[in-house]
Amino acid sequence: GKRYSLYIHCARNDDMGIVYNNQRNRVTYEDQFLIVHPGMAHISPIPFDNHGWWGVAWRPHREFVGRISYSVKYLCWKPVAAVHLQYPESFRESVFALLL
């Protein structure tokens, strides 16, 4: 799988915006499609600012508290450039080798 980082910002000028807990486990959430790892909390109303209400704005070893909603959209391969090019290069090369 691939790992992506995500920054979520709240412009509230108090500590009632995004809620975090202290990290309790190596994995915060996991299902058959998605694994959410703990990360850092940012406690400043200014995006990516280093200064927070109690000193340094970045708090390590934090878990997101709340609900994550997402959906999975399957893509069925077919020999059409618009679809074929959406797959990774290694897959496209395999298809080419099989169809030779």
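Residues numbered from 1 in each chain as written. Predicted model: local features only at pLDDT ≥ 70, side-chain atom pairs only at ≥ 80, totals over all residues. Heavy atoms only, no water.

1. Comments concerning the packing of aromatic side chains
Taken as a whole and assessed by the stated rule, the structure comprises four aromatic pairs. Pairing F33 with Y74 gives two aromatic rings, centres 6.3 Å apart and planes at 70°, and the pair type is edge-to-face. You can see F33 sitting in the loop between β2 (29-30) and β3 (35-36) and its partner Y74 sitting in the loop between β7 (58-64) and α1 (81-84), a full 41 residues away along the chain. When its relative accessible area of 65% is taken as the criterion, Y74 is described as exposed. Geometrically, the ring pair formed by Y87 and F91 is stacked, given 4.7 Å between the ring centres and 25° between the ring planes. Of the aromatic side chains, those joined through ring pairs into one cluster are Y7, F48 and W58. (Phe/Tyr/Trp six-rings, centres within 6.5 Å; stacked < 30°, edge-to-face > 60°. Helix = DSSP H or I, 4+ residues; strand = E, 2+ residues; numbered from the N terminus. Buried < 20%, exposed > 50% of the residue type's maximum accessible area, 1.4 Å probe, protein only.)

2. Looking at the pairing of β7
By the bridge criterion, three bridges tie strand β1 (residues 20-22) to β7 in an arrangement that is antiparallel. Looking across to β7, one finds that N21 is bridged to E63. The pairing of strand β4 (residues 39-42) with β7 spans three bridges and is antiparallel. Of the residues in β7, the one forming a bridge with A41 is R59. (Pairing = 2+ DSSP bridges.)

3. So, the environment of A82
Note on placement: A82 falls in helix α1. The sequence separation of A82 and N22 amounts to 60 residues, and the corresponding C-alpha distance is 44 Å.

4. Concerning a nonpolar patch on the surface
Together, Y29, F33, F64, I68, Y70, V72 and Y74 make up a nonpolar patch on the protein surface, roughly 700 Å² of accessible area in all. Structurally, the position occupied by Y70 is in the loop between β7 and α1. (Patch = residues over 30% accessible without salt bridge, like charges linked within 9 Å, V, L, I, M, F, W, Y side chains within 5 Å. Areas by Shrake-Rupley, 256 points an atom, 1.4 Å probe, with all protein chains shown as cover. Salt bridge = Lys/Arg side-chain N within 4 Å of Asp/Glu carboxyl O.)

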